[in-house]
Structures are given as C-alpha cells and as structure tokens.
Amino acid sequence: MILYPKAYLEKVEQITIEFLQKNKIKALILDVDNTLIDCNRNLSNKVVEWAKNLKQQGVKLYILSNTNHKDKVEEVAKALDIGYQNLAKKPFKSGFLKVEKILKEKPENIGVVGDQIFTDVIRWKSL
Ligand SMILES: [Mg+2]
C-alpha cells in the first residue's frame with residue numbers, strides 16, 4: 001500500500017494537464033477544505049479557471065469530502081460545475097469506490113488530491 005503522495009504541490013492549480021497525461025490520470029477526486037478552498041472558505045478564481053480548463057481537456061473532476069457542512073461543499077461543487085459527496089468517511093474505501101463507479105475510470109487512472117495524507121492520499125486499493 002502506498003502511504004505517501006506521488007507529488008507534493010502548493011496549490012491545486014499547479015496540477016497541469018501535462019502532469020496528468022504523463023501519469024495517465026483521467027480523473028481527479030478532490031478534497032475541499034484547504035484544497036479547493038482556503039481556511040476562510042474562499043474559492044479563488046484561479047481554482048475555478050483551473051477546474052474549467054481541466055474539464056475542457058476531458059479530465060473528470062469529483063469532490064469527496066468528509067465534512068458534515070453540505071452547504072459548503074455544494075457551493076464549491078456548483079461553482080466548479082462538478083459532482084460531489086460529503087460525509088465521505090475518508091479514508092474508508094466506500095466513498096472512493098462509489099466515486100470510482102461514477103467516474104467510470106480504473107483506480108490507476110484516478111488521482112486523489114487533498115491536504116491530509118491519512119485521509120485523502122492513502123490509496124484505497126493495495127498495490
Ligand atoms: Mg482537507
């Protein structure tokens with residue numbers, strides 16, 4: 001099982017289409033808190049643009065969050081025009097497996113993006 005991230009980046013905007021193509025990533029499962037929004041709940045225009053560009057390039061995006069604040073996650077999902085699920089109980093597998101089915105991509109083609117290594121980044125299938 002891989003317990004470490006494949007890449008450390010400061011901001012989600014640093015995830016480029018070139019990086020994703022190189023790593024055969026066709027879809028991203030995204031965390032919300034301190035990943036898409038900052039600690040003040042701000043969603044920057046840069047993140048909105050980033051998501052829009054990746055989607056235009058055919059990358060599927062989906063939000064998976066542990067928060068019980070549905071309104072907060074819904075607001076971000078609407079702004080980015082992507083699907084979401086809150087109360088995900090990460091790092092348990094169930095939420096990831098559900099999103100894997102929605103995304104219709106193989107696990108090796110799905111990237112998980114988040115700020116917490118033991119909830120977001122841990123792989124849901126042993127390698
Ligand atoms: Mg987070």
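All figures in this text were calculated on a predicted structure; none of them were measured in a lab. (Residues numbered from 1 in each chain as written. Predicted model: local features only at pLDDT ≥ 70, side-chain atom pairs only at ≥ 80, totals over all residues.)

Engineer: I tried to follow helix α4 (residues 93-103) on my own but got confused; where do I start?
Structural biologist: Three- or four-residue spacings in an α-helix give side chains the same orientation, since the helix completes a turn every 3.6 residues. Restricting attention to buried positions, one finds in α4 the residues G95, F96, V99 and E100. Buried residues of α4, viewed axially, fall in a sector of 140°; they line one side. α4 presents S94 and K101 as exposed residues on the side facing more than 90 degrees away from its buried surface. Buried residues in α4 make contact with β1 (27-30), β2 (60-64), β3 (83-85) and β4 (110-113). K104 sits one or two positions beyond α4 and adopts a positive phi of about 55°. (Buried ≥ 20, exposed ≤ 12 C-beta atoms within 10 Å, placed from the backbone. Helix = DSSP H or I, 4+ residues; strand = E, 2+ residues; numbered from the N terminus. Arc of directions from axis to C-beta. Contact = placed C-beta atoms within 7 Å.)

Engineer: How should the environment of S65 be read in this particular structure?
Structural biologist: Following the sequence through the fold, S65 ends up in the loop between β2 and α3 (70-80). For the pair S65 and Y84, spaced 19 residues apart in the sequence, the C-alpha separation amounts to 7.9 Å.

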